[in-house]
Amino acid sequence: MEMGIMSLIGLIGTVGVSVNDSLIMVDQILKKSATGLKDLTRGQIIEGASGRLRAIILTTVTTLGGVFPMAYALGGESGFTEPLAFSMGWGLFFSTFLTLFALPAFIEILCDFGRGFGYLKRKFSRKPLDTTTSSEPNWEEPNPVVPVTGIEPPQKPEQRPERVAFTRKPPPPSPGL
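By convention here, each chain's residues receive numbers from 1 onward along its written sequence. Per-residue local features of the predicted model are confined to residues with pLDDT of at least 70, and side-chain atom pairs are confined, for both listing and counting, to 80 or more; whole-chain, interface and lining totals are unaffected and use all residues. With hydrogens and water stripped out, all remaining heavy atoms of the structure feed into the side-chain values.

J.: So, the confidence of the model for the chain: which residues are in play, and what are the values?
T.: Confidence per residue, as judged by the predictor, is encoded in pLDDT with a range of 0 to 100. On average, residues of the chain score 79 in pLDDT, and 75% of them are at 70 or above. Elements are defined by DSSP. Helices are runs of H or I of four residues or more, strands are runs of E of two residues or more, and each kind is numbered from the N terminus. For the chain, helix α2 (residues 42-51) is the element with the lowest average pLDDT, namely 88, and helix α1 (residues 5-31) is the one with the highest, namely 90.

Here it is, written out as structure tokens:
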């Protein structure tokens, strides 16, 4: 069968349905973790994926139930829509397996890479983590080097000059015309 415009339209429909299924699955998996992908466990990924299994299977079965009779001309010749039905049916059939099995596996691989890079980052970082929770600046350190732009470095609170309120003079009266 040739790849014509109707086959491409069927592929666009397949991409739409499979992207929707994938987004639903990823959203359900991310709801299982409070911090996103940082500390997802295999159990949370399996639980999230199995929570959307029924919805994805039902979407696929109902779409295939409507498309395959048209693809195989059950009940009459389908004519020019046959390539659309073939591309949409078989594309959706295979994309469902990718969504149900490959997507959770890729999410777990992504989490493993993130944990591995986080470990390497902690191991090879040059400075220790700052555990102070104070929002006050550390005044014991010397003032930072500031480029010559007219901006002064911050001063200690007891050295800050007092603010002076300036008042604006009213404009002179305009000469009468």
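Having put the structure on the table, let's press on.
J.: Describe the packing of α1 against α2, naming the residues involved and giving the relevant values.
T.: Interaxial angles span 0 to 180 degrees and are taken between N-to-C directions of axes, which are lines fitted to C-alpha atoms, for helices over the stretch in contact. Here α1 crosses α2 at 135°, and the two axes come no closer than 8 Å. Relative to α2, the element α1 is oriented oblique. Taken as a pair, α1 and α2 cross one another with a handedness that is right-handed. For the pair α1 and α2, the contacting residues are Met25, Gln28 and Ile29 in the first and Ile45, Gly48 and Ala49 in the second. Of the residues that constitute the contact of α1 with α2, the class distribution is 4 nonpolar, 2 polar and no charged. Oblique is the label for any angle not under 35 degrees, not over 145, and not in the 65 to 115 range, which are roughly parallel, roughly antiparallel and roughly perpendicular in turn. Note on convention: near helix rotated counterclockwise from far helix by under a right angle means a left-handed crossing. Clockwise means right-handed. Throughout, a residue-residue contact means that at least one pair of heavy atoms, one from each residue, lies within 4.5 Å. Residue polarity follows a fixed list, in which Ala, Val, Leu, Ile, Met, Phe, Trp, Tyr, Cys and Pro are nonpolar, Asp, Glu, Lys and Arg are charged, and the others, Gly among them, are polar.

J.: If you had to explain the packing of aromatic side chains to someone new, which residues and values would you point to?
T.: Pairing of aromatic side chains here covers Phe, Tyr and the six-membered ring of Trp, requires ring centres within 6.5 Å, and sorts the geometry by plane angle: under 30 degrees stacked, over 60 edge-to-face, intermediate tilted. Per the counting criterion, the structure on display carries 9 aromatic pairs. Ring geometry for Phe68 against Tyr72: centres 5.9 Å apart, planes inclined by 55°, an arrangement best described as tilted. Three or more aromatic residues joined by ring pairs form one cluster here, namely Phe68, Tyr72, Phe86, Trp90, Phe93, Phe94, Phe97 and Phe101.

J.: Pulling in residues and values, what's your account of the environment of Met3?
T.: Mapped onto the elements, Met3 comes out in the segment before α1. Considering only alpha carbons, one finds Met3 and Pro83, 80 residues apart in sequence, at a separation of 7.7 Å. The contacts of Met3, once residues within four sequence positions are left out, are Leu8 and Leu11.

J.: Please provide a residue-by-residue account of the nonpolar core, values included.
T.: Within the largest apolar cluster, 10 residues are counted, these being Met25, Ile29, Leu40, Ile45, Ala49, Ile56, Leu100, Leu103, Ile107 and Cys111. Listing elements by their share of this core, those giving two or more residues are α1, α2 and α4 (82-124). Among the elements that line this core, the one with the most residues is α4, at 4 residues. In this view, Leu40 contacts Ile29, Leu30, Ser33, Ile45, Ile107, Cys111 and Arg115; residues no more than four positions away in its chain are not counted. Among buried residues, the Ala, Val, Leu, Ile, Met, Phe, Trp, Tyr and Cys ones that are joined through side-chain atoms within 4.5 Å form a nonpolar core. For the exposure calls, accessible area comes from a 1.4 Å probe over protein chains only, and a residue counts as buried if that area is under 20% of its type's maximum, exposed if over 50%, partly exposed in between. One finds Leu64, Val67, Phe68 and Ala85 within the second-largest nonpolar core, a separate group that totals 7 residues.

J.: Could you give me a rundown of the pattern of salt bridges, with the residues and numbers involved?
T.: Here a salt bridge means any side-chain nitrogen of Lys or Arg lying within 4 Å of a carboxyl oxygen belonging to Asp or Glu. Under the defined criterion, the tally for this structure stands at 4 salt bridges. Of the charged contacts in the structure, one is a salt bridge between Arg115 and Asp112, with a shortest N-O distance of 2.8 Å. Here Asp112 and Arg115 lie together in helix α4, a separation of 3 residues that amounts to about one turn.

J.: Tell me what's going on with the environment of Glu108, and back it up with residues and numbers.
T.: If you trace the backbone, Glu108 turns up in helix α4. With relative accessibility at 17%, the residue Glu108 sits in the buried group. Taking C-alpha positions, Glu108 is 7.9 Å from Leu40, a pair spaced 68 residues apart along the chain. At a separation of 2.8 Å, a polar atom in the side chain of Glu108 contacts the side chain of Arg42. We define a polar contact as two N or O atoms separated by no more than 3.5 Å, with the added condition that, inside protein, one atom must be a possible hydrogen donor and the other a possible acceptor, whereas residues neighbouring each other in sequence contribute only through side-chain atom pairs.

J.: Can you explain a nonpolar patch on the surface? Please cite residues and give values.
T.: Patch definition: residues above 30% relative accessible area lacking any salt bridge, with like charges linked at up to 9 Å and the nonpolar side chains Val, Leu, Ile, Met, Phe, Trp and Tyr linked at up to 5 Å. The protein chains shown are the only cover counted for residues, whose accessible areas, like all others here, come from Shrake-Rupley with a 1.4 Å probe. Side chains of Phe106, Ile109, Phe113, Phe117, Tyr119, Leu120 and Phe124 sit close together on the surface and give an oily, nonpolar patch of about 810 Å² of accessible area. Position of Phe106 among the secondary structure elements: in helix α4. Among the residues examined, Phe106 registers a relative accessible area of 56% and is labelled exposed.

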